[in-house]
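Okay, here's what each chain looks like letter by letter:
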Amino acid sequence: MRKSLIAILLVTLACSGDSTGPTQSSVAGTWNLQTINGAALPFVVAQTGANKVEITGDVLTVTNSGSFTEITTIRTTQNGASTTQTVPDAGTYVLNGNNVTFQFQSDGSVGSGTVSGGTLTVSQTGLSLIYKKS
């Protein structure tokens, strides 16, 4: 479950664009997940009857030095009882023009996204994840 959840949660940075393209200093900061597949959070990852797992939030903190940390908040509802947990991760990223490639420490997975107009859109396993700077 953890590995497939991380694949779903592949996320990264957003930035403010400029005429020369993003720079690492423009990418640095705190970024919040806004939508998954165009839908606002919470996003249902899995559901069987009334039991479900939802992503209720995701925050990326990006540095100028090419690293990031991520905290994903997940709510699990089972037999009518809900629990919330945070799932931390971290990694490194490389910015090349408007393209961002990042590697997660937890499982070594690699993801990519495209920065455009102050938004980063990440496409992974059929999902489209949108982040904005806070």
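What comes next concerns the included structure. (Residues numbered from 1 in each chain as written. Predicted model: local features only at pLDDT ≥ 70, side-chain atom pairs only at ≥ 80, totals over all residues. Heavy atoms only, no water.)

Re unusual backbone geometry
Between Leu41 and Pro42 the backbone carries a cis peptide bond, its omega angle lying at 5 degrees. Relative to the helices and strands, Pro42 resides in the loop between strand 2 (39-40) and strand 3 (43-48). Here Asn37, not a glycine, exhibits a phi torsion of approximately 55 degrees, which is positive. Classification of Asn37 by relative accessible area gives partly exposed; the value is 41%. In this model, Asn79 sits at a positive phi of 55 degrees, which is unusual for a non-glycine residue. Counting through the fold element by element, Asn79 comes out in the loop between strand 5 (67-78) and strand 6 (81-96). (Helix = DSSP H or I, 4+ residues; strand = E, 2+ residues; numbered from the N terminus. Buried < 20%, exposed > 50% of the residue type's maximum accessible area, 1.4 Å probe, protein only.)

Comments concerning the pattern of salt bridges
One pass over the structure, following the stated rule, counts two salt bridges. The residue Lys52 makes a salt bridge to Glu54 at a minimum N-O spacing of 3.9 Å. With a relative accessible area of 25%, Lys52 lands in the partly exposed category. For Arg75, the salt bridge goes to Glu54, with nearest N and O atoms at 2.8 Å. Here the residue Arg75 occupies a position in strand 5, and Glu54 occupies one in strand 4 (residues 51-62), the gap between them amounting to 21 residues. Put simply, Lys52, Glu54 and Arg75 are held in one network by salt bridges that share partners. (Salt bridge = Lys/Arg side-chain N within 4 Å of Asp/Glu carboxyl O.)

Overview of the nonpolar core
Among the nonpolar cores identified, the biggest contains 20 residues, and Ile36, Val62, Phe68, Tyr93 and Val100 are the most heavily contacted of them. Those elements that place two or more of their residues in this core are strand 1 (29-36), strand 4, strand 6, strand 7 (99-104), strand 9 (119-124) and strand 10 (127-133). Not counting residues up to four positions away in its chain, the partners in contact with Ile36 are Leu41, Phe43, Ile55, Leu127, Ser128 and Leu129. (Core = buried A, V, L, I, M, F, W, Y, C linked by side-chain atoms within 4.5 Å. Contact = heavy atoms within 4.5 Å.)

As for the pairing of strand 4
In the sheet, strand 1 pairs with strand 4 via four bridges, with the strands oriented antiparallel. Considered in strand 4, the bridge of Thr30 is made with Thr61. Between strand 3 and strand 4, which pair antiparallel and follow one another directly, the connecting turn spans two residues, one of which, Gly49, has a positive phi of 60 degrees. Pairing between strand 4 and strand 5: ten bridges, direction antiparallel. Among the inter-strand pairings, Asp58 is bridged to a residue of strand 5, identified as Thr72. Hairpin connection of strand 4 to strand 5: four residues between the antiparallel strands, including Gly66 at a positive phi of 90 degrees. (Pairing = 2+ DSSP bridges.)

Focus: the environment of Thr61
Examined against the element boundaries, Thr61 turns out to sit in strand 4. The exposure class of Thr61 is partly exposed, given its relative accessible area of 35%. Residues contacting Thr61, with those up to four places away along its chain left out, are Gly29, Thr30, Ser67, Phe68 and Thr69.

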